[in-house]
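# Breakdown of the fold
Each chain, letter by letter, is given below.
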Amino acid sequence: MSWLFGLNKGQPEGPPPGPLPPPPAGGSGGGGGGGDKLKDKWSSFDPTGLERAAQAAKDLDKSRHAKEALDLSRMQEQTIQMEHQSKVK
């Protein structure tokens, strides 16, 4: 995640890791039906939002305005935190 903060800019980036292979079908272990819950949990996962965020982060990292954008997001987060603190008090 160092690329988010502008570090490691000079290092070449390797190819992105591919998707993990699916688990073997059938009950090769003594786990019983535990694999079905895990399969159901991830079967409805939609990675498009995650992929868009990753692409936006790469584009921002290549931008000459990356530092300013990071500073702006920090200021926005501090403002939100101050608003929440004032509501609590």
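Residues numbered from 1 in each chain as written. Predicted model: local features only at pLDDT ≥ 70, side-chain atom pairs only at ≥ 80, totals over all residues. Heavy atoms only, no water.

## Examining the overall build of the protein chain
Counting secondary structure elements, the protein chain contains 3 helices and 0 strands. The helix and strand sequence of the protein chain, counted from the amino end, reads α-α-α. Carbon and sulfur atoms make up 60% of the accessible area of the protein chain, which amounts to about 8,400 Å² in all. (Helix = DSSP H or I, 4+ residues; strand = E, 2+ residues; numbered from the N terminus. Areas by Shrake-Rupley, 256 points an atom, 1.4 Å probe, with all protein chains shown as cover.)

## Focus on the pattern of salt bridges
Tallied over the full model, the rule gives 1 salt bridge. A salt bridge links Asp71 to Arg74, with the shortest nitrogen-to-oxygen separation between them at 4.0 Å. A residue pair is termed a helical-turn pair when its members lie 3 or 4 positions apart in one helix, as Asp71 and Arg74 do in helix 3 (residues 66–88) at 3 residues. The class for Arg74 is partly exposed, based on a relative accessible area of 43%. (Salt bridge = Lys/Arg side-chain N within 4 Å of Asp/Glu carboxyl O. Buried < 20%, exposed > 50% of the residue type's maximum accessible area, 1.4 Å probe, protein only.)

## Examining the confidence of the model for the protein chain
Looking at the protein chain, the pLDDT average stands at 76 and 60% of residues meet or exceed 70. Of all the helices and strands in the protein chain, helix 1 (residues 34–43) carries the lowest mean pLDDT, 71, while helix 3 carries the highest, 93. (pLDDT = per-residue confidence, 0-100.)

## Some details on a nonpolar patch on the surface
A contiguous nonpolar patch, built from Trp42, Phe45 and Leu50 and spanning about 360 Å² of accessible area, is present on the exposed surface. Following the sequence through the fold, Leu50 ends up in helix 2 (residues 48–62). (Patch = residues over 30% accessible without salt bridge, like charges linked within 9 Å, V, L, I, M, F, W, Y side chains within 5 Å.)

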